[in-house]
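Observations on chain architecture
The chain contents come next:
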Amino acid sequence: MSTGGTGRTVREVTRTLLRELGLTTVFGNPGTTEIPFLTDWPGDFRYVLGLQESVVVAMADGYAQSARRPVLVNLHSAGGVGHGLGQIFTAFRNRTPMIVLAGQQVRSLMPEDPFLGASSATEFPRPYVKWSCEPARAQDVPAALARAFHIATQHPQGPVFVSVPADDWNAEAPEIEARPRIRGFSADPEAVRELADALAASRTPALVAGPAVDGDAAVGELVELAERLNAGVWASPMSSRCSFPEDHPLFLGFLDPERNSLARALSGHDLVVVLGAPAFTYHVHRGEAELELPPLYVVSDDEQILARAPIGVGVRATAKLVLRQLLDTVTPGERSAPEPRPRPSSPPATTPVSPAYVFATLAELLPPNALVVEETPSQRGALHDHLPIRATDAGFLTVASGTLGYGLPAAVGAAIGRPDRRVVAVLGDGSSMYAIQALWTAAREQLPITFVILDNSQYAAVSILGEGAEKLPGVELGGLDFTALATGMSCAARLATTPEGVKSALAEAIDADGPNLVQVRVDPDPPKLY
């Protein structure tokens, strides 16, 4: 609710609002149109500087994901927002509660298409924001930010965009009351009863755990439901989070983002319940599935996911509340547990080092509450096999969109969001170079992060999915000295080329204070995907 003018400026009223909303950690890269917002920066606010806008957005995304709280990003007008758009797209796919606050030229210059002016500011980030606004009047800025907060944090969560002309911050504004976040919602009771009846009648049910389960801090409830049902649990294709502990005996593995492989994996079940994910996300097309999918229930808070599902019964609800409803309704069954997932044998210690060996070594060295951030598109299978995620609270973050450049800065944001935990980022050489300057922020903030860069001197995922294509240009890298890049930004670094070197370098980096980078020269022969 707004009241009459008090003589306070838009800047002052906004800062009070941001304090009340818990948005005092701001990620940004400033320009001249942001000076009025940043002037007289308050001592109780934290400004995390990134050296390019896409890096800033990815850092903020990692912070919001790890801390499970909304985040404010401050970007420069026009071109600065353009730099950040790739990671805004990622934030949209990651369902990140993010407010992107962008500068704009002063209102009096806008009719003349000024330098640094964004002529259609609200159109630029669409369609990958939930809401986009440039307030009609200066005094409307605090109310627009309050609205942005409520849209970004409502399920399904996602980024929003607010453009503010530079001279608005000094105008007078009315006070505005901060209202609490709008909570999640439960499912229709009749839909829950129908789903519970279907589970009771099933002999071989399966649960498919999507990223929204961990996003809603509901992994414990999913584990309890799976154990009550003796149901096997699959990870949804391309899941950006770990929503079920991968060392649990009921965990069956990872569904591939390809129709035939996925249908074969689910063929042994007579009922499949997909929780917090689409049914399904596919990456490659190798023809239509030869097997029909079992009967499906798709449980999601996103009406678009439910509308797009080509088969199955949709149930709309947020993950934690629907799982609690099911736990109040479902009774233990007499069915036998599925056969445990076979674990692969330990990878051999060879030179060149295999990525599997690096992951297995990390699994031995990581503390139990470590948070793993991943961006190794060509090595995801080896990671699944040899680095099981056991944490049930934001133990794993990766990119949902496929846009490279997320992992390294996201690890920086994750470490700021969860200062009580060790963060380990496992990255490809190609993806690291999209956002290498985030190492500077890690060093400046002295964050406890271990960056592990698997250097195979190529964009291997392109080579793999080329599937026999000859003379593919643009895939060979090589000659990248990540230790020099890291030390040049005041981040400690080590190079490892042998199994013994990998083990000692990783152990030293994980035990060290502050950020450390380990560059590992790995076998360049890429494995098959899917």
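Our structure's up above, just so we're on the same page.
Keep in mind it's a predicted model, so treat the numbers as computed, not measured. (Residues numbered from 1 in each chain as written. Predicted model: local features only at pLDDT ≥ 70, side-chain atom pairs only at ≥ 80, totals over all residues. Heavy atoms only, no water.)

This brings us to the nonpolar core. Counting 52 residues, the largest nonpolar core has Phe27, Val373, Val412, Leu439, Ile449 and Phe451 as its most contacted members. Considering each element in turn, this core owes the most residues, eight residues, to helix H3 (residues 53-67). (Core = buried A, V, L, I, M, F, W, Y, C linked by side-chain atoms within 4.5 Å. Buried < 20%, exposed > 50% of the residue type's maximum accessible area, 1.4 Å probe, protein only. Helix = DSSP H or I, 4+ residues; strand = E, 2+ residues; numbered from the N terminus.)

Mapping Arg380 onto the fold places it in helix H13 (residues 380-386). Beyond its immediate chain neighbours, meaning those up to four positions away, Arg380 contacts Ser239, Glu374, Phe396 and Thr398. (Contact = heavy atoms within 4.5 Å.)

On to helix H5 (residues 141-153), then. Taking 1.5 Å as the rise per residue, H5 with 13 residues should run 18 Å; its terminal C-alpha atoms sit 18 Å apart, in good agreement. Here H5 lies mainly inside the structure; eleven of its 13 residues are buried. Among all positions in H5, only Val141, Pro142, Ala144, Leu145, Ala146, Ala148, Phe149, His150, Ile151, Ala152 and Thr153 are buried. On its buried face, H5 sits against helix H1 (10-21), strand S5 (98-104), strand S6 (132-133), strand S7 (160-165) and strand S8 (172-176). (Expected span 1.5 Å × (residues − 1).)

Take the packing of aromatic side chains next. One pair of aromatic rings is described through two measures. These are the centre distance and the angle between the planes. Counted according to the given criterion, the structure contains nine aromatic pairs. Plain terms: the ring middles of Phe27 and Tyr63 are 5.3 Å apart, the flat faces sit at 55° to each other, and that makes the pair tilted. In this pair, Phe27 sits in strand S2 (residues 25-28) while Tyr63 sits in helix H3, placing the two residues 36 residues apart along the sequence. Look at Phe27 and you get buried, because its relative accessible area is 0%. Ring pairs connect the aromatic residues Phe37, Trp41, Phe45, Tyr47 and Trp169, which therefore count as one cluster. (Phe/Tyr/Trp six-rings, centres within 6.5 Å; stacked < 30°, edge-to-face > 60°.)

The strand order across the open sheet formed by six strands is S11-S10-S9-S12-S13-S14, and the pairing between neighbours is parallel. A single partner strand is all that each edge strand has here, and the edge strands are strand S11 (251-254) and strand S14 (313-316). Geometrically, the sheet is characterised by an average inter-axis angle of 20° between neighbouring strands, direction not taken into account. In terms of strand pairing, strand S12 (residues 271-275) meets strand S13 (residues 296-300) through four bridges, oriented parallel. Bridged to Val274 within S13 is Val298. (Pairing = 2+ DSSP bridges. Axes fitted to C-alpha atoms, helices over the stretch in contact; angles between N-to-C directions.)

What follows covers a negative patch on the surface. A cluster of acidic residues, Asp188, Glu190, Glu194 and Asp197, forms a negative patch at the surface. Tracing the chain through its elements places Glu194 in helix H6 (residues 189-201). (Patch = residues over 30% accessible without salt bridge, like charges linked within 9 Å, V, L, I, M, F, W, Y side chains within 5 Å. Areas by Shrake-Rupley, 256 points an atom, 1.4 Å probe, with all protein chains shown as cover. Salt bridge = Lys/Arg side-chain N within 4 Å of Asp/Glu carboxyl O. Lys, Arg positive; Asp, Glu negative; His and termini not counted. Charge placed at Lys NZ, Arg CZ, Asp CG, Glu CD.)

Summed over all chains, the structure comprises 23 salt bridges. Two residues, Arg241 and Asp214, come together in a salt bridge whose shortest N-O distance is 2.8 Å. One end of the pair, Arg241, is in the loop between strand S10 (232-235) and S11; the other, Asp214, is in helix H7 (residues 211-215), and 27 residues separate them in sequence. Residue classification places Asp214 among the buried positions, given a relative accessible area of 0%. The partner of Glu303 in a salt bridge is Arg316, with the nearest N and O atoms 3.1 Å apart. In this pair, Glu303 is assigned in helix H10 (residues 303-308) and Arg316 in strand S14, connecting sequence segments 13 residues apart. In this structure Arg316 comes out as partly exposed when scored by relative accessible area, which is 37%.

This brings us to the sheet that holds strand S17 (residues 423-428). Read across the sheet, six strands follow the order S16-S15-S17-S18-S20-S19 without closing on themselves; strand pairing throughout is parallel. Each end of this open sheet is capped by a strand with a single partner; those strands are strand S16 (396-398) and strand S19 (492-496). Sheet twist, expressed as the average angle between the axes of neighbouring strands with direction ignored, equals 15°. The sheet contact formed by S19 and strand S20 (residues 516-521) spans five bridges and is parallel. Following the sheet pairing, Leu495 is matched in S20 by Gln519.

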